[in-house]
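Spelled out from the first residue to the last, the chains are:
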Amino acid sequence: MSAFVEPRKRISSTFRTNRRVVDGVSVGLLGLSVVVILAILLVILGDVVFHGISTVSWEFITQAPREGLTAGGIYPAIVGTAALVILMSVAAVPLGVATAVYLHEYTPAEGPRLALARYKVSKGRPGRIKLLLRFLSAVLATSARSAVANLAGVPSIVFGLFGLGFFIQFIGRGIDRATQAPGEVVWNQGSLIWAALTLALLTLPTVIVATEEALRTVPPEQREASLALGATQWETIRRVVLPASLPGILTGGILGISRGAGEVAPILFTGAAYYLPYLPQKITDQFMHLGYHVYILSTQSPDVEATKPLLYGTVFVLLALTFILNLAGVLLRSRTRSKLR
Amino acid sequence: MLRTASRIDLGRGERIRTAQSAFMTVLFTAAGLSAIAVIFLIFIFTFKEAASIFTDPEVGKEANLHRFFVDRQDGPTLVDQFIWQPTSDVPKMSFYPLLAGTLKSAVVGLLFACPIGVAAALFTSEFASRRVREIVKPVIELLAGIPSVVLGFFALIVLATWLQHLFGFTYRLNAYNAGLALGFALVPIVFTISEDGLSAVPRSYREASLAVGATRVQTAFKVILPAATPAIFASFVLAFGRAIGETMILLMAGGNAAITSLSLEDPLRTLSATIAAELGEVVFGSGHYAALFFIGTLLFVITFISNTIGQLIIARMQRRMQGHG
């Protein structure tokens, strides 16, 4: 017996030290990947802050560019970005919240397969039509859900093409034909409104996902209590569910805005301007944009070295804007999430 | 009978409220369906501008599938044979240089992002303390929140110079540079979805493995990681979709040279960057215009398929994991 146990013990002890080394190295390597990610973020931020902060001054953010974009500030780009983002959220937030409410409050809990099975076994019973409707509603809900997921994955440049093909060439031209004298072009061209609507579609999934998460934090008992008191479903949603999930909805709005503020590809052909001597006055005006300005300064500048400080300053302002929004959204959400637990 | 009576008792007020609620149901349902409508509209209106390739003989002469995928010029190398020069007197519109650029940068990006993203996810879900986890996750979200134009700017101005100094590349802007910057944008996608999948593995798996004497590392690599394979694969698929569609990073950091080269040291031009670079100056309704929208349709279809596959894998895994609470 002991002869059998003895060597085994020995093997297992060397095995254990080896194991410990292997384990330590593995965890170390895994941890290293986290360090690499952290380093990437810090290097990008550090570089932008280090080179950018000296450019940013009161003049820089309150003056227009001068001398072919090699001097002056970025005031019109800031105003353009702000106008764009505000218009975008006016379109995206209501639609996104409504979609999330539909997905969470108005769809059957079961999937289409189960709903179909229930309908099939109900043969000959009264009220069968309701089960059929429930099945159809489950199919719609599943399709809507996968549409939202797919919308989140559509490349941003395709949104740009869609904005040009749908909003400008289809809707815009239609409005011009109906309201303008022949040859007059008002809506059939890139402008604030079309860029904002294009971006609104792009940020829609962000708003929907965050809102749905917030709706999930409202306990079902609260809905039941409201319904039991005689409130209709709409009254329950308006007075109980929506107020309780307001922080989450706000999160979705903020994260959506932060995403929308930085996207450039969708606005390339839907209204962003290289340089404008004036600020946009109407929603049919073109506009300057921080992200687009970064693209222009870094690729089309006649004198790269002369523009570099301006470029870094613009990136700094853009990053500061998106990061502050992002951070606010993430913090708000982690508060919502801890409430869920 | 009784039901009718009680309704009448409650009177007009309740009827209005019920009607109002029903109306809102219709409104919310319409909003929900708008998401489906938007997906269809995007496809229809992108394809509509490209469709003249097939319907308008004038446009079809300039841009057609043969020209995109088959046409080949005389020349000794691939670079001379497959050319994208849509505005020359005899327009050449081979997609191969653009496909080469897209695939090269995507491969570099994925080779960087997939291992790092999964490793970081495994570390975060299995080994990190709660405090570390609460730092890592927001960091990843901040990385995801960097606009792609800023990543493109960083790769163009800073990263390209560093890489050239380090490795002595002939061209500052090449597939390594563009792919690496693209990888920065892919890491959060791989990380988030993999981490979700790893955390969804039921506790019982972990406990069973530890109970039979496996170490935490063995458990992580031999039990948790295999169990979450579908989610990790899904994260790769979704990252691939993003890599194919990403525009600004590659437009700025790729070097903007549409050449059919398989070398990672050559500058490149992706499908997406081609749209961004050329649509601004294109003649409306021309073959070139239709070709750019055709590229857009292609991108839409590729990303739609890869996204659908990714979503299906995730949904299947969720169903399976729920079975084991």
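In this numbering scheme, every chain counts its residues from 1 along its sequence in written order. Written order determines the labels here, with chains lettered from A and ligands numbered from 1. In view of the model being predicted, local features appear only for residues whose pLDDT reaches at least 70, and side-chain atom pairs are presented and counted only at 80 or more, with totals across whole chains, interfaces and linings using the full set of residues.

A. Structural view of the overall build of chain B. From N to C terminus, chain B includes 15 helices and two strands. In terms of overall size, chain B is more extended than a compact globule, its C-alpha atoms giving a radius of gyration of 26 Å where 325 residues would be expected to give roughly 20 Å. Seen through its principal axes, chain B has C-alpha atoms that stretch 85 × 65 × 30 Å. Each helix is a run of DSSP H or I of at least 4 residues and each strand a run of E of at least 2, with the numbering of both proceeding from the N terminus. Atoms counted for the radius of gyration: C-alpha only. Globule rule: 2.2 Å times the number of residues to the power 0.38.

B. Representation of the overall build of chain A in the model. When you go through chain A residue by residue, the secondary structure sums to twelve helices and two strands. Ordered by position from N to C terminus, the α and β elements of chain A give α-α-β-β-α-α-α-α-α-α-α-α-α-α. Across its three principal axes, chain A shows a C-alpha extent of roughly 90 × 75 × 35 Å. Exposure criterion: with C-beta atoms placed from backbone coordinates, a residue whose C-beta has 20 or more other C-beta atoms within 10 Å is buried, one with 12 or fewer is exposed, and one in between is partly exposed. By the burial criterion, 43% of the 341 residues in chain A qualify as buried. Note on contacts: each residue gets a C-beta atom placed from the backbone, and two residues are in contact if those atoms are within 7 Å. Within chain A, counting contacts between residues at least 6 apart in sequence, those at least 24 apart form 76% of the total.

C. Layout of the environment of Arg173 of chain A. All names here are of chain A. Mapped onto the fold, Arg173 is located in helix H6 (residues 156-179). A count of 15 C-beta atoms within 10 Å places Arg173 in the partly exposed class. Note: C-alpha distance between Arg173 and Leu201 (28 residues apart in sequence) is 20 Å.

D. Local environment of the domain arrangement of chain B. All names here are of chain B. Residue ranges for the domains originate in an automatic or database domain assignment. Split by domain assignment, chain B resolves into domain 1 (2-50) and domain 2 (78-322). Inter-centroid distance (C-alpha atoms) of domain 1 to domain 2 is 39 Å. Counting from both sides, the interface comprises six residues of domain 1 and, opposite them, six residues of domain 2. Partitioning the side of domain 1 that touches domain 2 into residue classes produces four nonpolar, one polar and one charged. All residues other than Ala, Val, Leu, Ile, Met, Phe, Trp, Tyr, Cys, Pro, Asp, Glu, Lys and Arg, Gly among them, are scored as polar; the first ten of these are nonpolar and the last four charged.

E. Expanded view of helix H7 (residues 130-145) of chain B. For H7 of chain B, built from 16 residues, the straight-helix expectation of 22 Å at 1.5 Å per residue is met to within 8% by its first-to-last C-alpha distance of 23 Å. Taken together, the buried positions of H7 of chain B are Val136, Ile140, Leu143 and Gly145 of chain B. Residue count minus one, scaled by 1.5 Å, sets the expected span of a helix.

F. Spotlight on the interface of chain A and chain B. The partner chain B presents 70 residues to the 67 residues of chain A that form the contact. For the side of chain A that touches chain B, the secondary structure elements donating two or more residues are helix H1 (2-52), helix H3 (75-105), helix H5 (128-153), H6, helix H9 (233-244), helix H10 (246-262), helix H11 (290-299) and helix H12 (304-340) of chain A. The element contributing the most residues to the side of chain A that touches chain B is H1 of chain A, with 16 residues. Partitioning the side of chain A that touches chain B into residue classes produces 43 nonpolar, 19 polar and five charged.

G. Representation of helix H6 (residues 96-127) of chain B in the model. Taking 1.5 Å of rise per residue, 32 residues should cover 46 Å, and H6 of chain B covers 45 Å from first to last C-alpha, within 8% of that figure. H6 of chain B sits mainly inside the fold: 25 of its 32 residues count as buried.

H. The arrangement of the nonpolar core in detail. Core analysis: the largest hydrophobic core is formed by 189 residues, its most contacted members being Ala155, Ala181, Val190, Ala239 and Ile249 of chain B. Excluding residues that lie within four positions of it along the chain, Ala155 of chain B makes contacts with Ala160, Asn177, Ala178, Ala181, Ile249, Met252 and Ala253 of chain B. Core membership is restricted to buried Ala, Val, Leu, Ile, Met, Phe, Trp, Tyr and Cys residues, and these are joined into a nonpolar core through C-beta atoms within 7 Å.

I. Unusual backbone geometry, seen in detail. Within the chain, Asn256 of chain B stands out as a residue other than glycine whose phi angle is a positive 55°. Tracing the chain through its elements places Asn256 of chain B in the loop between helix H13 (248-253) and helix H14 (271-278).

J. How the structure looks around the packing of H11 of chain A against helix H8 (residues 148-167) of chain B. In this description, a line fitted to the C-alpha atoms serves as the axis of each element, helices being fitted only across the stretch in contact, and the angle between N-to-C directions of two axes falls anywhere from 0 to 180 degrees. Between H11 of chain A and H8 of chain B, whose axes approach to 9 Å, the crossing angle comes to 20°. In terms of orientation, H11 of chain A lies roughly parallel with respect to H8 of chain B. In this structure, H11 of chain A crosses over H8 of chain B, and the sense of that crossing is left-handed. Here Gly291, Val294, Tyr295 and Ser298 of chain A of H11 of chain A lie close against H8 of chain B, whose contacting residues are Val149, Val150, Phe153, Leu156 and Ile157 of chain B. Between 65 and 115 degrees an angle is taken as roughly perpendicular, under 35 as roughly parallel, over 145 as roughly antiparallel, and anywhere else as oblique. Note on convention: the crossing is left-handed when the near helix lies turned anticlockwise from the far helix by less than a right angle, right-handed when the turn is clockwise.

K. Highlighting the confidence of the model for chain A. Chain-level pLDDT for chain A is 87 on average; 94% of the residues reach the 70-or-more range. A residue's pLDDT is the confidence the predictor assigns to it, expressed on a 0 to 100 scale. A low-confidence stretch, residues 1-5 of chain A (pLDDT under 50), is modelled with zero contacts involving residues beyond four sequence positions or located in other chains.

L. Broad picture of the packing of H14 of chain B against helix H15 (residues 287-322) of chain B. All names here are of chain B. One can describe the packing of H14 onto H15 by two numbers: an axis separation of 9 Å at closest approach and a directional angle of 145°. In the crossing of H14 with H15, the sense of the turn from one axis to the other is left-handed. Here H14 contributes Leu271, Ser272, Thr274, Ile275 and Glu278 to the contact with H15, which in turn contributes Leu292, Ile295, Gly296, Leu298 and Leu299.

M. Seen up close, the confidence of the model for chain B. Residue and element names in this part refer to chain B. In the predicted model, chain B carries a mean pLDDT of 90, and 96% of its residues have values of at least 70. Here helix H5 (residues 78-81) is the element of chain B with the lowest mean pLDDT, 82, and H6 is the one with the highest, 96. Here residues 1-8 is a poorly scored stretch, pLDDT under 50, and it has zero contacts once near neighbours within four places are set aside; other chains count. In the predicted complex, the global pTM is 0.90; the interface-specific ipTM is 0.91.

N. Molecular detail of the environment of Leu122 of chain B. In this structure, Leu122 of chain B sits in helix H6. Look at Leu122 of chain B and you get buried, because 24 C-beta atoms sit within 10 Å. Taking the C-alpha atoms as reference, Leu122 of chain B lies 36 Å from Thr297 of chain B; in sequence the two are 175 residues apart. Other than its neighbours up to four places away in sequence, Leu122 of chain B contacts Leu30 of chain A together with Leu198, Ala220 and Leu225 of chain B.

O. Local environment of the environment of Ala244 of chain A. All names here are of chain A. As for its position among the elements, Ala244 is in helix H9. A residue is classified by how many C-beta atoms lie within 10 Å of it, and Ala244, with 17 of them, is partly exposed. Taking the C-alpha atoms as reference points, Ala244 and Thr217, separated by 27 residues in sequence, lie 8.3 Å from one another.

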